[in-house]
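Now for the letters of each chain:
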Number of protein chains: 2
Amino acid sequence: MNQEHVTQLNDAIRAVKSTDLKNFYFVACGGSMANLYPAHYIFDREIETPSAIYSSNEFVHREPKALGKGSVVILCSHSGNTPETAKAAEFARKKGAVTIAFSNVVDSPLWKAAEFPIHYDYGVEATAKEGNSGMLYRLIFGILNEIAANEKYEKAIGSIDNLQKLYDVNKEMTFDAADEFGKKYKREKLIYTMASGPNYGVAYSFTSCLLMEMLWINSNAIHAGEYFHGPFEVTDFDVPFLLIKGLGETRPLDERAHDFVKKFSEKLTVVDAKDFNMDGIDEDLKSYFTPLIAGVVLRQYADRLAEHTGHPLSVRRYMWKMEY
Amino acid sequence: MNQEHVTQLNDAIRAVKSTDLKNFYFVACGGSMANLYPAHYIFDREIETPSAIYSSNEFVHREPKALGKGSVVILCSHSGNTPETAKAAEFARKKGAVTIAFSNVVDSPLWKAAEFPIHYDYGVEATAKEGNSGMLYRLIFGILNEIAANEKYEKAIGSIDNLQKLYDVNKEMTFDAADEFGKKYKREKLIYTMASGPNYGVAYSFTSCLLMEMLWINSNAIHAGEYFHGPFEVTDFDVPFLLIKGLGETRPLDERAHDFVKKFSEKLTVVDAKDFNMDGIDEDLKSYFTPLIAGVVLRQYADRLAEHTGHPLSVRRYMWKMEY
């Protein structure tokens, strides 16, 4: 591992350990917030210390009363340039919280605003074990192992080394399905996504960043449990749904949604974690690692959709083109 | 006030007071969950005790580690018949939590499952002060006043008596705008909603229950802060948005979204709480009461949309017609 990465992680974990820990906040915007979602889920299941997740601007303006000394705020911005997230780091730091921020860009505004910045790799030469999710999971399981030492957490940290191999093999395994998806749905103006538990963030990210932002396709990330309490009434033979089925404790929610949608929509696509290759991940950790693999698999679904629609994922009409 | 309502509220508040309070959970499905949203927001701003909000089935399957003795779980189901919510009450009660459940139906499954059931009125003869939100706010500010006594909370409880008058006057004031909305958008297949802070639940409810469930119109409740981190790229001259602008601390998020959407969509509808009549609500409480009035105003928007489309809000294709 990159020695600076090791130092940055150790410093952050040590800071969490030495604070009089009261609560965790996960704070970011859009896709970065969605990436933090499984970390929040894991904390919720593993420890009694409360944690919550916010979009950066909501966090700053809402000003949660419990934010202060003893709070640990974990932030992320790929460019480190997201003004709301840099502001959230400043705001939390002023309140006395421990601030830990992930970014690909050293010395970016977020990097400077947070007390404990952590760099992650990105791009063709990067490997997943030190990419955004790899570094996030190192922090999360590192913190867990520090405050509630457990062999499971050590195993989780070890599993991170397998991520790149898993990304590669699962992308390869799902290429044909992704291409089929792109071909079949290239004319669609709307595609719903659905997930639950640790994978809800992946659905949110696919909806907000890949479909709406990059492909200009209308969408809504429907929580698989909430589906039956309103949204399911839009289901019809010609309404496309992309359902992510997870493993473990919340899978029954995905199963129930699946059983229903398949009866009434002829345009259902299922990405089922049961079909993933998860070699090297312990049975009791598979559920937690699912969103990472699902994220990579779904990115390929978006790539193929872009290919068939002829609308590259890099095209924007507002972002990078104006102030807002 | 109905004496049974008073007793039910007092019993619940006393139970919260006498527990060794650790955390609050708000748990329900769909529209009932959305109705609890502002209560969660108020707790987040007013007290350090952590609170979180879950869809019932996610709550049961996720099994948050911090749930147990010292937890207070506040649930809601209008009919009391929502199986996931009744199950969530049972589950939480077994874990040792104080369970408080709102329902319109005495002796319903949820009523029996919770330790402290609270009835609310509903229908043409009901008045808002003892309706679902009236009773919820009595509980919320009653709890706040018990654990952090404050004149503001007493004033809030007093304000609840004004709700019916405010509902009536604001419905009357916005009738023409609602009718215009119904007329103008009756052919739309998709309408986005947007809000932040205490009003996000109102947007969620309008999207999930009124547009998707009752009118079969595609939608997504976009958080006004998240809008700029993906979703805004779908904005175009012919894409309809319904933006709820709140008062108070998160209004800047709504303002920013407003400034952007109005430039690029010719189909923007704004429901601005600044235009509401809020007589009898103290200045520093207006933000908290906004979602209640916005909910009633927006219901009228849906009524008028139903009128002009000829699709009554009572029509379903799946609900009440099959098992799922």
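Residues numbered from 1 in each chain as written. Chains lettered and ligands numbered in written order. Predicted model: local features only at pLDDT ≥ 70, side-chain atom pairs only at ≥ 80, totals over all residues. Heavy atoms only, no water.

Draft legend 1. Expanded view of the interface of chain A and chain B. Taken together, the contact pairs 67 residues of chain A with 67 residues of chain B. Surface buried jointly by chain A and chain B totals about 5,700 Å² across both partners, of which 51% is contributed by carbon and sulfur atoms. It is R62, E233 and Y318 of chain A that lose the most area in chain A upon contact with chain B, and together they represent 14% of the buried surface on that side. Taken together, chain A and chain B are joined by 8 salt bridges. Close ionic contact of E84 of chain A with R256 of chain B constitutes a salt bridge, the shortest N to O distance being 3.0 Å. Our count for the chain A to chain B interface comes out at 46 residue pairs in polar contact (both at pLDDT 80 or more). Where the side of chain A that touches chain B is concerned, the elements lending two or more residues are α2 (30–46), β2 (51–55), α3 (56–62), α9 (200–215), β7 (221–223) and α10 (251–264) of chain A. With 8 residues, the single largest contributor to the side of chain A that touches chain B is α2 of chain A. Class assignment for the residues of the side of chain A that touches chain B results in 30 nonpolar, 19 polar and 18 charged. (Contact = heavy atoms within 4.5 Å. Buried area = accessible area lost by both parts, 1.4 Å probe. Salt bridge = Lys/Arg side-chain N within 4 Å of Asp/Glu carboxyl O. Polar contact = N/O pair within 3.5 Å; in protein donor to acceptor, adjacent residues only side chain to side chain. Helix = DSSP H or I, 4+ residues; strand = E, 2+ residues; numbered from the N terminus. Nonpolar A, V, L, I, M, F, W, Y, C, P; charged D, E, K, R; others polar.)

Draft legend 2. Representation of the relation of the copies chain A and chain B within the structure. Superposition of chain A onto chain B requires a rotation of 180° combined with a translation of 0.0 Å along the rotation axis, giving an RMSD of 0.0 Å. Taken together, the rotation and translation relating the two chain copies correspond to the operation of a two-fold axis. In terms of proximity to the rotation axis, the leading residue of chain A is N220 of chain A, whose C-alpha is 2.5 Å off the axis. (Least-squares fit on C-alpha atoms with pLDDT ≥ 70 in both.)

Draft legend 3. Representation of the domain arrangement of chain A. All names here are of chain A. Examined at the domain level, chain A breaks down into domain 1 (3–149) and domain 2 (172–309). Each of domain 1 and domain 2 has a C-alpha centre, and the two are 26 Å apart. Per-residue buried area on domain 1 facing domain 2 is highest for Y37, Y41 and Y137; these three make up 42% of the total on that side. Put simply, domain 1 and domain 2 have 1 salt bridge between them. R45 is the salt-bridge partner of E249, the closest N and O atoms lying 3.6 Å from each other. On inspection of domain 1 and its partner domain 2, the count reaches 4 residue pairs in polar contact (both at pLDDT 80 or more). Counting only elements with at least two residues in the side of domain 1 that touches domain 2, the list comes to α2 and α6 (132–147). With 10 residues, α2 is the largest single contributor of residues to the side of domain 1 that touches domain 2. Its residues assigned to classes, the side of domain 1 that touches domain 2 comprises 8 nonpolar, 3 polar and 2 charged. (Domains from an automatic or database assignment.)

Draft legend 4. A look at the pairing of strand β6 (residues 192–195) of chain A. Residue and element names in this part refer to chain A. In β6, alternate side chains face the same way, and those of Y192 and M194 on one face and T193 and A195 on the other are all buried. Where β6 meets strand β8 (residues 241–245), 3 bridges bridge the pair, whose relative direction is parallel. Its bridge partner lying in β8, Y192 is registered against F241. Pairing of β6 with β7, which is carried by 3 bridges, proceeds in the parallel orientation. (Buried < 20%, exposed > 50% of the residue type's maximum accessible area, 1.4 Å probe, protein only. Pairing = 2+ DSSP bridges.)

Draft legend 5. Local environment of unusual backbone geometry. Residue and element names in this part refer to chain A. Although it is not a glycine, W216 sits at a positive phi angle of roughly 55°. With respect to the helices, strands and loops of the structure, W216 is situated in the loop between α9 and β7. Phi is positive for W320, close to 70°, though the residue is something other than glycine. With respect to the secondary-structure elements, W320 resides in the segment after α11 (286–309). Of the residues examined, W320 reaches a relative accessible area of 62% and is grouped as exposed.

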